[in-house]
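# Examining the three-dimensional arrangement
Now for the letters of each chain:
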Amino acid sequence: MRLLPPAVALVLVGAWFGFQRVAISATESENLMLQKHIAAARHAGPEVPAAATKAAAPDRQARQTGPLDWKTIAAQLTEMQRSGGIGDMRAITRLQQRLQTMTPQDIVAALDEIALLDLSAAARALLERVLLQPLMQKDPALALARFIDRLQTQDAALGGQLASALRDWARNDATKADAWLDEQIAAGKFESKSLDGRSQSRMLFEGSLIGVLLTSNPSAAARRLAALPEDQRADVIGTFSINSLKDDSLQAFARLVREQVPANDRARAFALQTAQRAAQGGYAKVTDYLSRIKPTSDERLACVEQAVATSTLSNEKKLTRDDLNSMREWVGSQAPNVTDAITGKLLCVAALRTRKLDFAEASELAVEYSQASGNDDVLVTFVENWAVGSSKEQARVLAEKITDVRRRAEMLKRLE
């Protein structure tokens, strides 16, 4: 079996034991859930009998035009967030409908009003987040102007929302969006306070803009990426979505990686985009992606590893034999030399990290796949990883099942 090179090993650490580059905090997850509920209200309001609807028309019109009670709304949203989405959906529906009728200037006025209210910081932030979404949809440039100064003090979720606003603005006017970001950088809005000098917010903004420029102005995309420190370029590439790019733009993406990203980081850059493809379209979409970017052998290995991690480990479903067989079939079509090694590692991580299998199930499958393939690669890889991540004692018991006398002796010696 071929040993994986250092560039691929770097990917494995993130792909198998971290999964996502940035962990979403509990608060951010709750905000995302709340936003989804509010967005859903836009399409599915509560059912009301026709007679009641007619009788309530004057009252409804008053609610659509009268002043909003932001303190009451804050309490409703807070309760909905606290209860995991359970709340007064009629009130939330009315709020969503009202927000859709408001102009960008109306929303800014509402934000000014909320800033003067006697609210907790958490309640005020929740209201602002709810108002930010329609403001971004109606006028992304205004949303950026209003909230850009918050990047240094707000959570990462705000940075992600504003980066999305920049992407939407760039789709309509890439030249102005490009110039605006340069102005904000020059003004120090993205200065980093971290020891490594990285600004996560800037990386998100750069990724959002570069992803758009790849289609409309590849040379501008290359210019932006080249202006970043070399050790940040792979991570920036991992932040933008290329799922909608056509063949010629995907080729421009591949050129961008190979021209601007250091050689030892290219496999990781391609693999970070593989995660997005696998999450949205499974192995079929990754196959299409690989056929277009024409990866080197090392790049292909990194992408295959990431695709397996994303497709089989990033959900809550228990890992089944069908999942494993599908994975092995796909890996065999893309990188057959590592099919067994990936199987062994996947079984270990599923039992050790994600609890999709218990040790007995995983070890039994490792033995079974090794026997079926006629070699011990699955079992050896499982034992190696289990010894590092959990118990050498359990690993030694399992190592006794390695059929190859030389490999069994070598493994038992390593586990002493």
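Residues numbered from 1 in each chain as written. Predicted model: local features only at pLDDT ≥ 70, side-chain atom pairs only at ≥ 80, totals over all residues. Heavy atoms only, no water.

### Considerations on the packing of aromatic side chains
Under the convention used in this document: Within 6.5 Å between ring centres, the rings of Phe, Tyr and Trp (the latter by its six-membered ring) count as paired, and their orientation is classed by plane angle as stacked under 30 degrees, edge-to-face over 60, tilted in between. Runs of H or I in DSSP of at least four residues are treated as helices and runs of E of at least two as strands, each being numbered from the N terminus. Relative accessibility decides the category of a residue: with a 1.4 Å probe and only protein chains considered, values under 20% of the type maximum give buried, values over 50% give exposed, and everything between is partly exposed.
A full pass over the atoms with the stated rule returns 10 aromatic pairs. Judged by centre distance (6.2 Å) and plane angle (35 degrees), the rings of Phe359 and Phe382 are tilted. Of the two residues, Phe359 is situated in helix 20 (residues 359-373) and Phe382 in helix 21 (residues 377-389); the sequence distance between them amounts to 23 residues. Of the residues examined, Phe359 reaches a relative accessible area of 23% and is grouped as partly exposed. Here the aromatic residues Trp169, Trp180, Phe190 and Phe205 are joined through ring pairs into a cluster of three or more.

### Let's talk about the packing of helix 12 (residues 200-216) against helix 14 (residues 230-239)
Applicable threshold: Every axis in this analysis is a line fitted to C-alpha atoms, fitted for helices over the stretch in contact. Angles between the N-to-C directions lie between 0 and 180 degrees. Here is the rule for angles: anything less than 35 degrees is roughly parallel, anything more than 145 is roughly antiparallel, 65 through 115 is roughly perpendicular, and the remaining ranges are oblique. Helix crossings get a hand from a simple test, with the near helix turned counterclockwise from the far one by less than a right angle marking a left-handed crossing and a clockwise turn marking a right-handed one. Throughout, a contact is declared for two residues whenever any of their heavy atoms are within 4.5 Å. Residue polarity is assigned by list, with Asp, Glu, Lys and Arg as charged and Ala, Val, Leu, Ile, Met, Phe, Trp, Tyr, Cys and Pro as nonpolar; anything else, Gly included, falls into the polar class.
It is at 8 Å that the axes of helix 12 and helix 14 come closest, and there the two elements cross at 60 degrees. One way to sum up the angle between helix 12 and helix 14 is to call them oblique. Relative to helix 14, the crossing made by helix 12 is right-handed. Residues Met203, Leu204, Glu206, Gly207 and Ile210 of helix 12 lie in contact with helix 14, whose contacting residues are Gln232, Asp235, Val236 and Thr239. Considering only residue class, the contact of helix 12 with helix 14 consists of four nonpolar, three polar and two charged.

### Examining helix 11 (residues 174-186)
Structurally, the α-helix is built with 3.6 residues per turn, so residues lying three or four positions apart point the same way. Selection rule: Between the first and last residue of a helix there are one fewer steps than residues, each counted as 1.5 Å, and that sum is the expected span. What the arc describes is the spread of directions from the helix axis to the C-beta atoms.
With 13 residues, helix 11 should cover 18 Å at 1.5 Å per step; its first-to-last C-alpha distance of 18 Å lies within 8% of that length. Along helix 11, the residues that are buried comprise Ala174, Ala177, Asp178, Trp180, Leu181 and Gln184. Seen end-on, helix 11 carries its buried residues on one side only, within an arc spanning 165 degrees. Residues Thr175, Lys176 and Ala186 are exposed on helix 11 and point more than 90 degrees away from its buried face. Downstream of helix 11 by a residue or two, Gly188 has a phi angle that is positive, lying close to 85 degrees.

### What to know about the pattern of salt bridges
What counts, and what does not: Just to be clear on terms, a salt bridge is a Lys or Arg side-chain nitrogen sitting within 4 Å of an Asp or Glu carboxyl oxygen.
Taken as a whole and assessed by the stated rule, the structure comprises 25 salt bridges. Here Arg150 ties to Glu128 by a salt bridge, and the two come within 2.9 Å at their closest N and O atoms. With a gap of 22 residues between them, Arg150 in the loop between helix 9 (140-147) and helix 10 (156-172) and Glu128 in helix 8 (residues 121-138) connect regions that are remote in the sequence. Assessed through its relative accessible area of 24%, Arg150 is described here as partly exposed. Between Arg202 and Glu206 there is a salt bridge whose closest N-O contact spans 3.1 Å. Taken together, the positions of Arg202 and Glu206, both in helix 12 and four residues apart, correspond to about one turn of that helix. The exposure class of Glu206 is buried, given its relative accessible area of 0%.

### Topic: the side chain of Thr381
As for its placement among the helices and strands, Thr381 is situated in helix 21. Take Thr381: its relative accessible area is 8%, and that puts it in the buried class. If we skip the residues at most four places from it in the chain, Thr381 touches Ala341, Gly344 and Lys345.

### Details of the packing of helix 18 (residues 321-334) against helix 20
Direction vectors running N to C along helix 18 and helix 20 enclose 40 degrees, while the axes themselves pass 13 Å from each other. Of the possible angle classes, the one that applies to helix 18 and helix 20 is oblique. Seen along the crossing, helix 18 lies across helix 20 with a hand that is right-handed. For the pair formed by helix 18 and helix 20, the contact residues are Arg321, Leu324, Asn325 and Arg328 on the first element and Leu365, Glu368 and Tyr369 on the second. When grouped by side-chain class, the residues that make up the contact of helix 18 with helix 20 number three nonpolar, one polar and three charged.

### Examining the nonpolar core
What counts here: Buried residues of nine kinds, namely Ala, Val, Leu, Ile, Met, Phe, Trp, Tyr and Cys, make up a nonpolar core once their side-chain atoms join them within 4.5 Å.
Within the largest apolar cluster, 113 residues are counted, with the highest numbers of intra-cluster contacts made by Leu166, Phe205, Phe253, Tyr289, Trp330 and Leu347. Those residues within four positions of Phe205 in sequence are excluded, and the remaining contacts are Leu144, Ile148, Leu151, Gly159, Leu162, Ala163, Leu166, Trp180, Leu181 and Phe190.

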